[in-house]
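Take a look at the letters that make up each chain.
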Amino acid sequence: MMPVPDDTRARLVEAMRYAAIGGGKRVRPLLVAATAAMFGVDRDAAVRTGCAVEAIHVYSLIHDDLPCMDDDNLRHGKPTVHKAFDEATAVLAGDSLHALAFEILSDTATSGDPFTRAELIATLSTASGMGGMAGGQMMDMVAEETDYDLHAITRLQQLKTGALLAASVEMGAILGKVAPEGRAHLRAYARDIGLAFQIADDLLDHEGDEDLAGKALRKDDEQGKQTFVTLMGPDGARQQAKALVEQAVGHLVSYGDDAALLGALARYIVERDR
């Protein structure tokens, strides 16, 4: 999907491939594929859609790591894109991955139904912009100078982290042609795992192993940011994450064994060590 061209764009595509290949948990594409499989969706269509979501996620990581944002040197155990290449190339790599996501979703190879393609694009764009991931990142950037309470932290993380996870589940259902009113249980599942995911991240940042994580930890504490851990304490946060996962799995009961992979993904979210 990303062949290196035989011209001066080669460095850009190499940076895109460096960021996208060989690292990360692939939770979002897995959520797309697992949800789509429940409704008998063609696997190629689900994989293509999952790649689009992952492209957005990877672009966000490239930009988050830039000196003007979080200024990180390591991601997935290797130098961040702006360190391995340069800042300008990193910006363009992120921009190009963002565009690639919607190029994939607009392709008839993803779906022959124009209404399905339009809904996929609308869902991912909404989850990526000011009402989703980018808005959450803005809230996070001013967190050092703002006293967020638990409600505000929950809202921040629902946007920054939860929106793209929720979109992944929603897009699997869209591929399966599930009507919006038939997605309530899946949306509730996605909401709960989104918060559980971020609580687990906060716990890892607080007490995790940097070698396993492959990135710098303890940055939230150093910057004085409020997190689920600072507001609830490690034990309280851990119990809340487990409760959210059990609640998330409960939303899947009506799907029976067809939802086994979604249930396993929910439990992986709080049990992971990176």
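Residues numbered from 1 in each chain as written. Predicted model: local features only at pLDDT ≥ 70, side-chain atom pairs only at ≥ 80, totals over all residues. Heavy atoms only, no water.

Naming follows an unreviewed UniProt entry, where the protein chain appears as Polyprenyl synthetase family protein of Pontixanthobacter luteolus. The heading Cofactor (unreviewed entry) in the UniProt record of the protein chain holds the text "Mg(2+)". We quote the UniProt Sequence similarities (unreviewed entry) comment for the protein chain here in full: "Belongs to the FPP/GGPP synthase family." (UniProt positions renumbered as here; feature names shortened; annotations may be inferred.)

A.B. asks: Where do I start with the environment of Val169 in this structure?
C.D. replies: Relative to the helices and strands, Val169 resides in helix H8 (residues 150-175). Residues Val169 and Ala33, 136 residues apart in the sequence, show an inter-C-alpha distance of 8.6 Å. Apart from residues lying up to four places away in sequence, Val169 is in contact with Leu31, Thr35, Leu186, Tyr189 and Ala190. (Helix = DSSP H or I, 4+ residues; strand = E, 2+ residues; numbered from the N terminus. Contact = heavy atoms within 4.5 Å.)

A.B. asks: Even after reading the chapter, I still don't get empty space enclosed by the protein, so can you show me in this structure?
C.D. replies: Rolled over the atoms, a probe as big as a water molecule pinpoints where empty space is left. This model, assessed by the stated rule, comprises two cavities of 30 Å³ or more. Estimated volume of the largest cavity: approximately 110 Å³. Around the largest cavity, the lining residues are Tyr18, Ala19, Val58, Leu61, Ile62, Asp65, Arg75, His76, Lys78, Pro79, Thr80 and Val81. Listed by contribution, the elements that provide at least two residues to the lining of the largest cavity are helix H1 (10-20), helix H3 (43-64) and strand E2 (78-79). In terms of residues, the lining of the largest cavity owes the most to one element, H3, which gives three residues. Of the residues belonging to the lining of the largest cavity, the class tally is seven nonpolar, two polar and three charged. (1 Å grid on protein atoms, 1.4 Å probe; cavity = no way out; pocket = protein on both sides within 12 Å on 5 of 7 lines; lining within 4 Å. Points joined across faces, edges and corners; volume = space filled by probe spheres on them. Nonpolar A, V, L, I, M, F, W, Y, C, P; charged D, E, K, R; others polar.)

A.B. asks: Would you take a moment to explain the layout of surface pockets for this structure?
C.D. replies: When its volume is computed, the second largest pocket comes out at roughly 390 Å³. Here the lining of the second largest pocket takes eight residues from H3, the largest share from any one element. Here the residues of the lining of the second largest pocket are counted per class, giving 18 nonpolar, one polar and four charged.

A.B. asks: Help me understand helix H9 (residues 184-207), please; the structure alone is not making it clear to me.
C.D. replies: Residue pairs three or four apart in sequence face the same way in an α-helix, which turns once every 3.6 residues. Spanning 24 residues, H9 covers 35 Å between terminal C-alpha atoms, matching the ideal 34 Å at 1.5 Å per step. Where burial is concerned, most of H9 is hidden: 17 out of the 24 residues are buried. (Expected span 1.5 Å × (residues − 1). Buried < 20%, exposed > 50% of the residue type's maximum accessible area, 1.4 Å probe, protein only.)

A.B. asks: Just to check I follow, could you spell out the packing of H1 against helix H5 (residues 87-106) for this structure?
C.D. replies: When two helices pack together, their arrangement is given by the angle between their axes and by how far apart the axes lie. Axis separation between H1 and H5 bottoms out at 9 Å; the angle between their running directions is 70 degrees. The pairing of H1 with H5 is recorded here as roughly perpendicular in orientation. In this structure, H1 contributes Arg11, Leu12, Ala15 and Met16 to the contact, and H5 contributes Thr89, Leu92, Ala93, Ser96 and Leu97. (Axes fitted to C-alpha atoms, helices over the stretch in contact; angles between N-to-C directions. Parallel < 35°, antiparallel > 145°, perpendicular 65-115°, else oblique.)

A.B. asks: How should a nonpolar patch on the surface be read in this particular structure?
C.D. replies: Together, Met69, Met138 and Met141 give the surface a local cluster of nonpolar side chains, amounting to about 250 Å² of exposed area. Residue position: Met141 is located in helix H7 (residues 133-141). Residue classification places Met141 among the partly exposed positions, given a relative accessible area of 36%. (Patch = residues over 30% accessible without salt bridge, like charges linked within 9 Å, V, L, I, M, F, W, Y side chains within 5 Å. Areas by Shrake-Rupley, 256 points an atom, 1.4 Å probe, with all protein chains shown as cover. Salt bridge = Lys/Arg side-chain N within 4 Å of Asp/Glu carboxyl O.)

A.B. asks: For this particular structure, what's the right way to read the pattern of salt bridges?
C.D. replies: Pairing between side chains of opposite charge can happen when the charged atoms of each approach one another. As enumerated under the stated definition, the model contains 14 salt bridges in all. Note that Asp235 is salt-bridged to Arg238, the shortest N-O span being 3.2 Å. Note that Asp235 and Arg238 are positioned in helix H13 (residues 234-250) at a spacing of three residues, about one turn of the helix. Judged by relative accessible area, which is 53%, Asp235 ranks as exposed. Each of the salt bridges in this network shares a partner with another, and the network as a whole consists of Glu119, Glu170, Arg183 and Arg187.

A.B. asks: Help me out: how do you make sense of the nonpolar core in this one?
C.D. replies: As a rule of thumb, nonpolar side chains are buried together in soluble globular proteins. Core analysis: the biggest nonpolar cluster contains 39 residues, and Ile56, Ile62, Leu97 and Leu124 have the highest contact counts within it. At the level of elements, H1, helix H2 (27-38), H3, H5, helix H6 (114-128) and H8 are the ones that each hand at least two residues to this core. The element that contributes the greatest number of residues to this core is H3, accounting for nine residues. Each residue touching Leu124, except ones within four places of it in the same chain, is listed here: Ala52, Val53, Ile56, Ala101, Phe102, Leu105, Leu164 and Met171. Core analysis: the second largest hydrophobic core is formed by 37 residues, Ala173, Ala237, Tyr255 and Leu262 among them. (Core = buried A, V, L, I, M, F, W, Y, C linked by side-chain atoms within 4.5 Å.)

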